[in-house]
Amino acid sequence: MRIRTDFPHEVLVEDARVPLPDGIALHARIWRPVDAGPVPAVLEYAPDRLTDASAVRDGERHPWYAGHGYACVRVDARGHGSGGGVPGPGGGAGEVADGRAVVGWLAARPWCTGRVGMIGLGSAAATALRVAAPAPAPLRAVVAVCPSGAPGAPGAPGAPGAPGEEPLGGAGAAQGLLAEVSEGLAHAARPPDPRHCEGDWRALWETRLEALRPPWRTAPGTGPAGTGGTGTGGTGTGAADTGAADTGGTDAGGTGTGAADTDGADTGSADTGAGGSPVTAAVLAVGSLHGPGSATVLRLVEELPADRVRGLLGAWQHQYPDRAEDPAEAVGFLQETLRWWDHWLRGRDTGVLTGPLLRWRLGGAGPEGARWAASERWPSPRVAEVRWALGGGPVAVASPLHTGVDAGRHRPVGHAGDLPPDQREEDARSVCFEFPVGAEPVVVLGRPRVVLRLTGIAPGAPVAARLCDVAPDGTSVLVARGALRLPAAGPGGPGGAHGDGGPDGDGGAHGPRRAGGEGGEGGEGGTAGPGGVVVALTPAAHRFAPGHRVRLAVSGAYWPWLWPAPGPVDLVLDPAGSALVLPMCGAPQADRGDAALPGTPAAEPEHAAPPLVSVPGTLDPPPSRLLVTRDVPAGTWTVEAVPHRGRPHVHPDGLEYTEEARESYTVEDSDPLSARARSVHTIRLHRPETAWDVRVEVRSELRCDGAGHLAASAELVCLDGREAVFHRTWEERLPRGPYPLPRPPD
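None of these values were measured; they are calculated from a predicted model.

Moving on, we get to the overall build of the protein chain. Each helix and strand in the protein chain was counted, giving 8 helices and 34 strands. Counting across all 746 residues of the protein chain, residues that qualify as buried make up 61%.

Okay, here's the thing in structure tokens:
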């Protein structure tokens, strides 16, 4: 990483208030070049709190852009940070309307040329795509990084987010649901900072707290049967109706940070513009092959016109690509995006449209290792689906309930243990089919899928499929995965399109043939219909080297990512009519020197010098990020995760920000209804010079409540010094799923 201090322009930093049509003002921080005249603006609009939580990340990139002649603006979303209002549903109509109002305000500034771009990570990227669907006139370009959880209208080209793009979440999430709800509620409950808040920070905090509720998600079209506990903060779970749904404010009845709202977020029918309008701004779509959002990148590249979209898929995690944990995978993301902004906001020919449509990091073992490659079109004419028939006779899918403990984190952000380890133990708990790689490598590029003919009784059971690369020494590396939940009537009951495609010739043959016409995917992660299922896997860009083996592993459990079947599972997989369908690249450009094509990502990342945030050391060793334990006498398996370690971060203005989160997921192998997930998430903000000391604590739990439901509970306690400002408990009964995940905090 190169820290750059010399720029073409000197940079001015100032805070501002952005007025919205309903009178609410949002907190903004602006970096802009001095004496440069009117310049284009780049907006990052997110709920991440620019004064603390995102301060380091903001300080790395926004001064860098400003030094190159752009006005860079970070705006906290309504109800977050030190601006006004109460939180609404993440990505809902109110947040989108606010975003469009901010774009209009920026374009009208005397220091702006009237041309605006938007950049975002994760949920902020999804919101930027919504704002651009259709884009207001000043919004010319978007850079969307890991745009996960975005809704969309089926059939609307380029509408952000479509059903089935996050295959695992729709199968009945456990880890993802608990982690996102607990963190989302804790983050939404953080108080305004008195140093930056206009007016009475305590009164605004109390108003926001009254509007919160846990963003548990239920099955599409099903509202939660919530009962609110009584406490210091009052009674009930409903949020305040701000009456601002049509003025850029919180949706009427909007709750928490993505509660079970009715705007359709994450269900495929959300507010993407009038009638589900497509994205009309130019889009640089950037995704991680290790996390959510990569399918959205492929869809945007496929559906948007080629003269205003480019895609980039890499091996970094859920982060900006210049912050990759592995330095070998980091790219010069700021340099890449500067070329994008210069083309669309300044009208300069930077060559961004003469390079390939899609650039991707081709993974793999062997002497060649990972390298960059490219596709001039997508879908690529060099990629064809090849059907690999499964061999052998019928086999029982009898997976122990702890299958999945080596899955890694549902949203990897670069911590130790986030990515899945060697999959050999998981493979031993699954039904596996192997295909040897011959003298020529097998290159997979796109979304694999698995066609499974299943019989037996397994109502509500998850079916997980993993694609692995097995080395000669037995090491098994996860390449792609997906899952779905069987309908209540079992694999042969009602619940979707017939997905098996019929028999595939010799059921005992191992090897590829051109894919036939099995039923297409639908719903979240695939389809389950009479006689068969189709499981869509996450996108893959991987090279299986000669001498390796392609392994397909199928299991009837994937804990703690997915809730186990509520009862006994008697599931049999018949290889006859089952197949692994791989999008195979017959002549990858990487083998022909494509890494030298115009537009190859810049090799060395650059940042501006970030704020000097110190993290005091301790004598005690830090806790393990991820720990798997087995209690042999009790027959239980527990996965413990520590996404936040609780170390104070001291900012230059004296603020001490401390965040700690611990999660545990436990299941007894003899009892599927024993599955339980717990989380404790605490945040402390402290200013020693003013004795300001506030604390937020969220305790959440999910457990089985009979065969068809989950019992969800969350307790929120907020303290100002030793005074309890707010205390409330929510209890809800949720359908088991499938249902979409809430918007993830970034």
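Having put the structure on the table, let's press on.
What follows deals with the pairing of strand S2 (residues 11-19). Taken together, the 9 bridges between S2 and strand S3 (residues 25-33) define a ladder with antiparallel strand orientation. Within the sheet, the bridge partner assigned to Leu 12 lies in S3 and is Arg 32. Here S2 folds back onto S3, and the loop between the two strands holds 5 residues, one of which, Gly 23, carries a positive phi near 95 degrees.

Working note: a packed helix pair is described by the angle between its axes plus the distance between those axes. Close contact between helix H2 (residues 93-107) and helix H3 (residues 123-131) brings their axes to 9 Å; oriented N to C, the two are set at 70 degrees. Looking at the two axes, H2 sits roughly perpendicular to H3. Contacts between H2 and H3 involve Glu 95, Val 96, Gly 99, Arg 100 and Val 103 from the former and Thr 127, Arg 130 and Val 131 from the latter. Along the lines of polarity and charge, the residues of the contact of H2 with H3 split into 3 nonpolar, 2 polar and 3 charged.

The omega angle of the peptide bond from Ala 133 to Pro 134 is -5 degrees, so this bond is cis rather than trans. Within the element layout of this structure, Pro 134 appears in the loop between H3 and strand S7 (139-145). Cis rather than trans, the peptide bond between Trp 378 and Pro 379 has omega equal to 0 degrees. You will see that Asp 35, though not glycine, has its phi angle at about 55 degrees, which is positive. With respect to the helices and strands, the residue Asp 35 is situated in the loop between S3 and strand S4 (39-46). Even without a glycine there, the phi angle at Arg 49 is positive, about 70 degrees. Mapped onto the elements of the fold, Arg 49 is located in the loop between S4 and helix H1 (55-67).

Enumeration according to the criterion identifies 11 aromatic pairs in this entry. Pairing Trp 316 with Trp 372 gives two aromatic rings, centres 6.2 Å apart and planes at 35 degrees, and the pair type is tilted. Highlighted residues: Trp 316 in the loop between strand S10 (309-314) and helix H7 (333-346) and Trp 372 in strand S12 (residues 371-375), separated in sequence by 56 residues. Here Trp 316 and Trp 372 have matching classes, each one buried.

Membership of the largest hydrophobic core comes to 57 residues, with the highest contact counts inside it found for Leu 43, Val 75, Leu 106, Met 118, Val 142 and Val 283. It is H2 that provides the largest number of residues to this core, a total of 7 residues. Residue contacts for Val 142: discarding those within four places in its chain leaves Met 118, Ala 128, Leu 129, Ala 132, Ala 281, Ala 282, Val 283, Leu 284, Trp 340 and Trp 341. Ala 188, Ala 189, Trp 205 and Leu 401 belong to the second-largest nonpolar core, a separate cluster that totals 45 residues.

Once that is clear, we can look at the pattern of salt bridges. A full pass over the atoms with the stated rule returns 49 salt bridges. Residue Asp 6 pairs with Arg 4 through a salt bridge whose shortest N-O separation is 3.9 Å. Note on Asp 6: relative accessible area 47%, which makes it partly exposed. Notably, a salt bridge pairs Glu 210 with Arg 728, separated by 3.1 Å at the nearest N-O pair.

With respect to the secondary-structure elements, Glu 640 resides in strand S28 (residues 636-645). The partly exposed category is assigned to Glu 640, whose relative accessible area is 34%. In contact with Glu 640, other than residues within four places in its own chain, are Arg 625, Leu 626, Leu 627, Thr 629, Glu 663 and Ser 664.

We now examine helix H4 (residues 175-188). Taking 1.5 Å as the rise per residue, H4 with 14 residues should run 20 Å; its terminal C-alpha atoms sit 20 Å apart, in good agreement. Counting buried positions along H4 yields 14 of 14 residues, so the element is predominantly enclosed.

The element strand S24 (residues 549-555) is largely enclosed, with a buried count of 6 among its 7 residues. Where strand S15 (residues 431-436) meets S24, 6 bridges bridge the pair, whose relative direction is antiparallel. Each residue of the ladder has a partner; that of Glu 434, found in S24, is Arg 551.

On to the sheet that holds strand S19 (residues 476-485). Ordered by their spatial adjacency, 4 strands build an open sheet running S15-S24-S18-S19, and the pairing between neighbours is antiparallel. At either margin of the open sheet sits one strand with a lone partner, and together these are S15 and S19. On average, each strand axis in the sheet is tilted by 15 degrees relative to the strand beside it, whichever way the strands run. Here strand S18 (residues 462-470) runs beside S19; their pairing, made up of 9 bridges, is antiparallel. When the bridges of S19 are listed, Arg 466 appears paired with Arg 481.

So, about the packing of H1 against H7. Two elements in contact, H1 and H7, have axes whose closest approach is 11 Å; the angle formed by their N-to-C orientations is 40 degrees. With respect to their mutual orientation, H1 and H7 come out oblique. You can see that H1 and H7 cross each other, and the crossing is right-handed. Across the interface between the two elements, Glu 60, Arg 61, Trp 64 and Tyr 65 from H1 touch Phe 333, Leu 334, Gln 335, Thr 337, Leu 338 and Trp 341 from H7.

Once that is clear, we can look at the side chain of His 62. Looking at where His 62 falls in the secondary structure, it is placed in helix H1. The contacts of His 62, once residues within four sequence positions are left out, are Trp 31, Glu 44, Cys 72 and Arg 74.

Let us now look at the environment of Val 75. Locating Val 75 in the fold gives a position in strand S5 (residues 71-76). Between the C-alpha atom of Val 75 and that of Ala 46, which follows or precedes it by 29 residues, the distance is 6.5 Å. When sequence neighbours within four positions are dropped, the list of residues in contact with Val 75 reads Val 18, Leu 26, His 27, Ala 28, Leu 43, Glu 44, Tyr 45, Ala 46, Leu 50 and Val 102.

It is worth spelling out H3 at this point. A large share of H3 lies buried, amounting to 9 of its 9 residues. Considered for burial, the residues of H3 that qualify are Ser 123, Ala 124, Ala 125, Ala 126, Thr 127, Ala 128, Leu 129, Arg 130 and Val 131. Its buried side turned inward, H3 meets S4, H2, strand S6 (112-121), S7, strand S9 (282-288) and helix H6 (294-303).

Averaged over every residue, the pLDDT of the protein chain is 82; residues scoring 70 or more account for 79%. pLDDT under 50 marks residues 513-524. Its contacts with residues more than four places away, or in other chains, come to 39 contacts. Ignoring residues within four places in sequence, the model shows residues 590-599, a span with pLDDT below 50, making 21 contacts including any to other chains.

Okay, the environment of His 318 next. Its location among the elements puts His 318 in the loop between S10 and H7. Expressed as a C-alpha distance, the spacing of His 318 and Gly 293, which sit 25 residues apart in the sequence, is 9.0 Å.

Criteria and cut-off values
- Residues numbered from 1 in each chain as written.
- Predicted model: local features only at pLDDT ≥ 70, side-chain atom pairs only at ≥ 80, totals over all residues.
- Heavy atoms only, no water.
- Helix = DSSP H or I, 4+ residues; strand = E, 2+ residues; numbered from the N terminus.
- Buried < 20%, exposed > 50% of the residue type's maximum accessible area, 1.4 Å probe, protein only.
- Pairing = 2+ DSSP bridges.
- Axes fitted to C-alpha atoms, helices over the stretch in contact; angles between N-to-C directions.
- Parallel < 35°, antiparallel > 145°, perpendicular 65-115°, else oblique.
- Contact = heavy atoms within 4.5 Å.
- Nonpolar A, V, L, I, M, F, W, Y, C, P; charged D, E, K, R; others polar.
- Phe/Tyr/Trp six-rings, centres within 6.5 Å; stacked < 30°, edge-to-face > 60°.
- Core = buried A, V, L, I, M, F, W, Y, C linked by side-chain atoms within 4.5 Å.
- Salt bridge = Lys/Arg side-chain N within 4 Å of Asp/Glu carboxyl O.
- Expected span 1.5 Å × (residues − 1).
- Left-handed = near helix turned anticlockwise from the far one by under 90°.
- pLDDT = per-residue confidence, 0-100.

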